[in-house]
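One letter stands for each residue in the lines below.
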Amino acid sequence: MSNAIIEVNQLRKSFGSNEILKGIDLEIKQGEKVVIIGPSGSGKSTFLRCLNCLEIPTNGTVKVHGDYFIKPGERFNEKHVAALRTEVGMVFQRFNLFPTMTAIENVMAAQIKIRKKSKEAARETAEIYLRKVGLAERMNHYPSQLSGGQQQRVAIARALAMEPKAMLFDEATSGLDPELIGEVLNVVRELAKEGMTMVLVTHEMNFAEEVGDRIIFMDGGVIVEEGPPKEFFHNPKHNRTREFLQKVEH
Amino acid sequence: MNILKNLDFATAFKDLYPELLKAMGTVLGATMFGFALALIIGTLIALGRISKIKWLDWLLVVFLEIIRGTPLVVQLVYMYYVVPLLLSLVVQFWIPDYQINFDAFTAGSVALGINYGAYLSEVIRSSIISVDRGQMEAALALGYTKQQAMWSIVIPQAGRIALPTFGNYIIMMVKDTSLLAFITVYELLLRTQAYASQTFLTIESYTLLALAYLVLSLPMAQVVRVMERRLARHV
Ligand SMILES: Nc1ncnc2c1ncn2[C@@H]1O[C@H](COP(=O)(O)OP(=O)(O)OP(=O)(O)O)[C@@H](O)[C@H]1O
Ligand SMILES: [Mg+2]
């Protein structure tokens, strides 16, 4: 077996008769940071959501740590899918914190319910991760009492507390006021340094170049071009990539 | 103007209040039992309809139409007089001569529970639907199954959204318990009627009856308002 954390094979996804993903192959290695960029509607979110089976592929397979979400020829098995999802943390553009729980309760909930940890153990872990994202002082605040940047950091802590093998970020900073973006990027940067495997969809090109080991340009449901950041940004091979990069830089 | 001069609230109150107090207990008991049942039935119907299982949805809609299309009094009478007969017929397949009977209170609370469950199911369904989809997705991404996410993340939030409406339905149910008189539950109305017809203290008795209902419903309305404010803080 290779040291791939995520393996995607001939992935296709349609909504009705509308094919959004048109055959994607990708292998993400332990510790690798893959950044996905592309125009709006190109299927980036749909692809990311297939990586933790929030969208069920119409065709093709996704494996996490050598384990299929849905084995070829088999049917969706909710218990198995749910268990495998704990290996892949996801951070959403709109945070999606549980509004009726405090920050620390947000981080504890799944540890207790899904990982079956004791309350004390869950609290201990939650404190570690909330401290890590710089929110030691805000643990008992409700989401409505936190800024967008703070909420997103709680969401990151909540995902990390499940100790996943990889993290998915879907435009984690797009919902934030400009002055709050930096604090969230800092947390992601720190995670990258620690060797977390991650897949990021982002519009922050500078950040993509900084943390990415590999940049993927998606358009029209396919991977148009991929490569290491230096090469990708400064010497793109495809016309569509060049056009896209020009558009976002100006 | 003789009537006004002869009003005797003191006597009516003295005679009636132990009776009314007992009857208020009956009303509260029927409301508590009926509403708890309504919540359970309402939630199950709501989940059944959200499940997108076609035949189940169809069946539930038929049930809802029957409940909404018939008066509560008819349902009460049906539950008290007819349902035991039907159930007995079924049971008699196995045990000959077996007779099922509901006492009036049980039949009444169950009928109230079913009737209100039907109406609450719509309230619960729309509150579940109004919870942001992102909540379900966040829970799924953390490894919850759909059912776990529904019960531990979505439904508690839906409950908060529905709470003020629940409060209004509880108050309505308190008042609707007066219909239990139709199936001989000795609640407020029946007790008052009995007393009024014995003593001819008509104005006094029925005024006290109205006050008794207000004593029950006003504090409830206040509690609902406080809870509403408290829960609205973190939604
Ligand atoms: N649940 C769905 N049902 C139907 N169509 C969908 C669904 N989800 C996404 N789509 C469609 O799939 C296409 C790709 O959407 P997706 O969100 O993956 O794009 P994206 O690359 O993430 O775009 P953006 O940069 O705007 O976030 C869009 O045309 C969208 O309308
Ligand atoms: Mg998107």
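Note that this is a predicted model, so its numbers are computed, not measured. (Residues numbered from 1 in each chain as written. Chains lettered and ligands numbered in written order. Predicted model: local features only at pLDDT ≥ 70, side-chain atom pairs only at ≥ 80, totals over all residues. Heavy atoms only, no water.)

## Considerations on the overall build of chain B
Along the backbone of chain B there are nine helices and zero strands. Secondary structure of chain B in N-to-C order comes out as α-α-α-α-α-α-α-α-α. Here the C-alpha coordinates of chain B stretch approximately 75 × 55 × 25 Å along the principal axes. For chain B, the share of sequence-separated contacts (at least 6 apart) that also reach a separation of at least 24 residues comes to 75%. Accessible area of chain B: about 12900 Å², with a carbon and sulfur share of 69%. Measuring between centres, the 17 positive side-chain charges of chain B sit 10 Å from its 14 negative side-chain charges. (Helix = DSSP H or I, 4+ residues; strand = E, 2+ residues; numbered from the N terminus. Contact = heavy atoms within 4.5 Å. Areas by Shrake-Rupley, 256 points an atom, 1.4 Å probe, with all protein chains shown as cover. Lys, Arg positive; Asp, Glu negative; His and termini not counted. Charge placed at Lys NZ, Arg CZ, Asp CG, Glu CD.)

## Comments concerning the sheet that holds strand β5 (residues 67–68) of chain A
Strands in a sheet are paired, the pairing made by backbone hydrogen bonds, and the direction either parallel or antiparallel. All names here are of chain A. As summarised here, the arrangement of the four strands in space is β2-β1-β4-β5, forming an open sheet in which the pairing is antiparallel. A strand with exactly one partner marks an edge of an open sheet, and here the two such strands are β2 (18–29) and β5. Of the pairings in the sheet, the one linking strand β4 (residues 59–64) to β5 comprises two bridges and is antiparallel in character. Residue pairing in the sheet places Lys 63 in a bridge with Tyr 68 of β5. In this fold helix α1 (residues 44–51) packs onto β1 (4–15), β2 and β4, with an angle of close to 125° to the strand it touches most, β1. (Pairing = 2+ DSSP bridges. Axes fitted to C-alpha atoms, helices over the stretch in contact; angles between N-to-C directions.)

## Digging into the state of the cysteines
Residues and elements named next belong to chain A. One pass over the full model with this rule turns up zero disulfides over all chains. You can see Cys 50 has no disulfide; the closest cysteine sulfur is in Cys 53, sitting 7.7 Å from it. Residue classification places Cys 53 among the buried positions, given a relative accessible area of 2%. (Disulfide = S-S within 2.5 Å. Buried < 20%, exposed > 50% of the residue type's maximum accessible area, 1.4 Å probe, protein only.)

## Topic: helix α7 (residues 146–176) of chain B
Between its first and last C-alpha atoms α7(B) spans 37 Å; for 31 residues at 1.5 Å apiece the expected length is 45 Å, and the helix comes up short by more than 12%. Of all the bends in α7(B), the largest measures some 50° and sits at B:Ala162, one to four residues before the proline B:Pro164. (Expected span 1.5 Å × (residues − 1). Bend = angle between axes of the 7 residues up to and from the residue.)

## Quick look at the site of ligand 1
Residues and elements named next belong to chain A. Within the structure, ligand 1 sits among Phe 15, Ile 20, Pro 39, Ser 40, Gly 41, Ser 42, Gly 43, Lys 44, Ser 45, Thr 46 and Glu 171. Taking Thr 46, its side chain carries an N or O atom lying 2.5 Å from an oxygen atom of ligand 1. Between ligand 1 and the protein, one listed contact pairs an oxygen atom with a side-chain N or O atom of Glu 171 at 3.3 Å. Protein contacts shield 58% of the accessible area of ligand 1, which totals 640 Å² for the unbound molecule. Considering only residue class, the shell around ligand 1 consists of three nonpolar, six polar and two charged. (Near = heavy atom within 4 Å. Polar contact = N/O pair within 3.5 Å; in protein donor to acceptor, adjacent residues only side chain to side chain. Nonpolar A, V, L, I, M, F, W, Y, C, P; charged D, E, K, R; others polar.)

## So, the packing of helix α5 (residues 148–160) of chain A against helix α6 (residues 178–193) of chain A
Residues and elements named next belong to chain A. Across the interface, α5 lies against α6 with an axial gap of 8 Å and an inter-helix angle of 20°. Comparing their axes, α6 and α5 come out roughly parallel. Regarding α5 and α6, the two cross each other, and that crossing is right-handed. Seen from α5, the contacting residues are Gly 148, Gly 149, Gln 150, Gln 152, Arg 153, Ile 156 and Leu 160; seen from α6, they are Leu 180, Glu 183, Val 184, Val 187, Val 188 and Leu 191. Classifying every residue of the contact of α5 with α6 by side-chain character gives seven nonpolar, four polar and two charged. (Parallel < 35°, antiparallel > 145°, perpendicular 65-115°, else oblique. Left-handed = near helix turned anticlockwise from the far one by under 90°.)

## Notes on the packing of helix α2 (residues 9–50) of chain B against helix α3 (residues 54–69) of chain B
All names here are of chain B. Running from N to C, α2 and α3 cross one another at 140°; their axes reach a closest spacing of 8 Å. Classified by the angle their axes make, α2 and α3 are oblique. Like other packed secondary-structure pairs, α2 and α3 cross with a definite hand, here left-handed. Counted together, Ile 45, Gly 48 and Arg 49 of α2 and Leu 56, Asp 57, Leu 60, Val 61, Phe 63 and Leu 64 of α3 form the full contact between these two elements. Grouping the amino acids of the contact of α2 with α3 by side-chain chemistry returns six nonpolar, one polar and two charged.

## Focus: a nonpolar patch on the surface
On the surface, B:Ile53, B:Trp55, B:Trp58, B:Leu59, B:Val62 and B:Ile66 cluster together into a nonpolar patch covering about 660 Å² of accessible area. One can find B:Ile66 in helix α3. (Patch = residues over 30% accessible without salt bridge, like charges linked within 9 Å, V, L, I, M, F, W, Y side chains within 5 Å. Salt bridge = Lys/Arg side-chain N within 4 Å of Asp/Glu carboxyl O.)

## Things to note about the pairing of strand β3 (residues 33–37) of chain A
Residues and elements named next belong to chain A. Burial of β3 is extensive: five of the five residues sit out of reach of the surface. The alternating pattern of β3 places Lys 33, Val 35 and Ile 37 and Val 34 and Ile 36 on opposite faces, both of which are buried. Bridge analysis of β3 against strand β9 (residues 214–219) gives four bridges, and the strand direction is parallel. Opposite Ile 36, over in β9, you have Ile 216 as the bridge partner.

## What about the interface of chain B and chain A?
Facing the 22 residues of chain B at the interface are 27 residues of chain A. The tally of links from chain B across to chain A stands at two salt bridges. The salt bridge partner of A:Arg49 is B:Glu137, with a shortest N-O separation of 2.8 Å. At the boundary of chain B and chain A, one finds five residue pairs in polar contact (both at pLDDT 80 or more). Those elements giving two or more residues to the side of chain B that touches chain A turn out to be α6 (133–141) and α7 of chain B. Per element, the largest residue contribution to the side of chain B that touches chain A is eight residues, and it comes from α6(B). Here the residues of the side of chain B that touches chain A are counted per class, giving eight nonpolar, eight polar and six charged.

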